[in-house]
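Letter by letter, the chains look like this.
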Amino acid sequence: AGADAVNSPAVVVVGMGAVTPIGIGLPEFDSGLRAGVCGVGPISSFDASGYRSSVAAEIRGRPASVHGPGTGIVQGAAYGRAAAFALAALAEALHGAGLHRSDLSNFRTGLCLGGSTAGTPEAEVELLDREADQDYWQVATPRRFLGTPVGTTADVLARAAGLR
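None of the values given here were measured: they were computed from a predicted structure.

Draft legend 1. Main features of the environment of Ile 73. You can see Ile 73 is positioned in the loop between β4 (55-57) and α3 (81-97). Between the C-alpha atom of Ile 73 and that of Gly 162, which follows or precedes it by 89 residues, the distance is 9.4 Å.

Draft legend 2. Representation of the packing of aromatic side chains within the structure. The full count for this structure, using the stated rule, is one aromatic pair. With centroids separated by 6.0 Å and ring planes inclined at 85°, the aromatic side chains of Phe 46 and Tyr 51 adopt a geometry described as edge-to-face. For Phe 46, a relative accessible area of 44% corresponds to the partly exposed category.

Draft legend 3. Quick look at α3. The end-to-end C-alpha distance of α3, which contains 17 residues, comes to 24 Å, matching closely the 24 Å that a straight helix rising 1.5 Å per residue would cover. Taken across its 17 residues, α3 has 12 buried, putting it largely inside the fold. Along α3, the residues that are buried comprise Ala 83, Ala 84, Phe 85, Ala 86, Leu 87, Ala 88, Ala 89, Leu 90, Ala 91, Glu 92, Ala 93 and Leu 94. Taken together, the buried residues of α3 touch β1 (19-20), β2 (23-24), α2 (26-35) and α7 (152-161).

Draft legend 4. Seen up close, the environment of Ala 86. Here Ala 86 is to be found in helix α3. Put simply, Ala 86 and Ala 18 are 68 residues apart on the chain and 8.8 Å apart in space, counted from C-alpha to C-alpha. Excluding residues within four positions of it along the chain, Ala 86 makes contact with Thr 153 and Leu 157.

Draft legend 5. Focus on the side chain of Thr 20. Mapped onto the fold, Thr 20 is located in strand β1. Reaching out from Thr 20, the side chain makes a polar contact with the backbone nitrogen of Ile 22 at a distance of 3.1 Å. Engagement of the side chain of Thr 20 in a polar contact is seen with the backbone oxygen of Gly 23, the distance being 3.0 Å. For Thr 20, the residues in contact, after removing those within four places along its chain, are Phe 29 and Ile 59.

Rules used in this analysis
Residues numbered from 1 in each chain as written. Predicted model: local features only at pLDDT ≥ 70, side-chain atom pairs only at ≥ 80, totals over all residues. Heavy atoms only, no water. Helix = DSSP H or I, 4+ residues; strand = E, 2+ residues; numbered from the N terminus. Phe/Tyr/Trp six-rings, centres within 6.5 Å; stacked < 30°, edge-to-face > 60°. Buried < 20%, exposed > 50% of the residue type's maximum accessible area, 1.4 Å probe, protein only. Expected span 1.5 Å × (residues − 1). Contact = heavy atoms within 4.5 Å. Polar contact = N/O pair within 3.5 Å; in protein donor to acceptor, adjacent residues only side chain to side chain.

Have a look at this one:
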C-alpha cells in the first residue's frame, strides 16, 4: 500500500450471500463455521465409485426458495444447479443490503463472476441420455444446450438483477 492505495476509491460490501457445503444462507453457514462442521463427505450427486476419490465438498440439494424476500429476484425452475445456487446467494446479498433488483439497473452496476463448471452436470445428462448410435446434437437441441453452458450463471444473474 502506498500513496496510490490511499487515493483509490473505496470498496464497500453492503450485502452477502452464502451457498456452501456447510450451509445455504448466511445464518446456516455461520452456524456451521462456529460449530466446526466439515463440508467434505461422500459424493451423493452421482456415482463416484469409478473415480480415484469419492469425497468432495459438495453442496447438498438445491435451494428450496430464494433467500432474500422482497428483492425481486426470482428462482427459475429451468436453471442448472450452479445458476440456482448463485441466484440464492444474490438474493440473500441484496436482501442483506436492503436493495431491490430495480436499484441495480442504472448502467453503473456491474457483475463479476468466476467459475468454470456451471452446466457440467446438465450437459453430462444430455450426453448420457442418448442411444449409442445417436449423435449428441440429435438429443441435445440448441435450446436445451444453451440453457446450461458454462457462461450461463453470469447471464442468469445479470438478467435476474436487471443489469445492462
